[in-house]
Amino acid sequence: MENRKKTEQHELRKWLDLLCGESFTCELDEKTFRIDVFETDTHYIIEAEIPNCLKEQLTVLCETNAIIIQIHKEKALWKQRAVPLPFPLQHKQICAYFSDPTLEIHISKAENANNANRYAIIINERN
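Residues numbered from 1 in each chain as written. Predicted model: local features only at pLDDT ≥ 70, side-chain atom pairs only at ≥ 80, totals over all residues. Heavy atoms only, no water.

Novice: Talk me through the pattern of salt bridges; I want residue IDs and the actual numbers.
Specialist: Scanning the entire structure with this criterion turns up 3 salt bridges. In this structure, D36 engages R34 in a salt bridge whose closest nitrogen and oxygen atoms are separated by 2.0 Å. In this structure, E49 engages R34 in a salt bridge whose closest nitrogen and oxygen atoms are separated by 2.8 Å. Of the two residues, E49 is situated in strand 2 (residues 43–49) and R34 in strand 1 (residues 34–39); the sequence distance between them amounts to 15 residues. Of the residues examined, R34 reaches a relative accessible area of 27% and is grouped as partly exposed. Here the salt bridges share partners, and the residues they tie into one network are R34, D36 and E49. (Salt bridge = Lys/Arg side-chain N within 4 Å of Asp/Glu carboxyl O. Helix = DSSP H or I, 4+ residues; strand = E, 2+ residues; numbered from the N terminus. Buried < 20%, exposed > 50% of the residue type's maximum accessible area, 1.4 Å probe, protein only.)

Novice: Requested: an account of the sheet that holds strand 4 (residues 66–73), with residues and values cited.
Specialist: Here 4 strands make up an open sheet; going across it, the order is 5-4-3-8 and the pairing antiparallel. Both edges of this open sheet fall to strand 5 (76–84) and strand 8 (119–121), since each of them pairs with a single strand only. Taking the axes of each pair of neighbouring strands and ignoring which way they run, one obtains an average angle of 30° across the sheet. Bridge count for strand 3 (residues 58–63) against strand 8 is 3 bridges, and the pairing is antiparallel. Within strand 8, the residue paired with V60 across the bridge is I121. (Pairing = 2+ DSSP bridges. Axes fitted to C-alpha atoms, helices over the stretch in contact; angles between N-to-C directions.)

Read these as spatial facts, not as claims about activity.
Shown next, in the form of structure tokens:
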């Protein structure tokens, strides 16, 4: 278990270095919305800056190795951004919090029992 955790952390660090150095990341930030990725002792945190948006317009989907953030306007998909991750998400606890203009998605480093390949994450309001 400890070896798997070290491998996951090493892969995440390589991925962050690659992601932060990519020129297309800046272009995506301008065309869709800006995202940042942080790490704490217990979670990986994806932070998206989504101004002028209501919680009801947001959808966060979890796929096998990616988080997908969608913005809907007038019941249609308006913008979408996928955040690929270097580890599988099916055994991770994932929570989302929105406080205009910031959406935070917390991915636990610990594993739990969820085995779904794709599912929606409930977005909670943060005061």
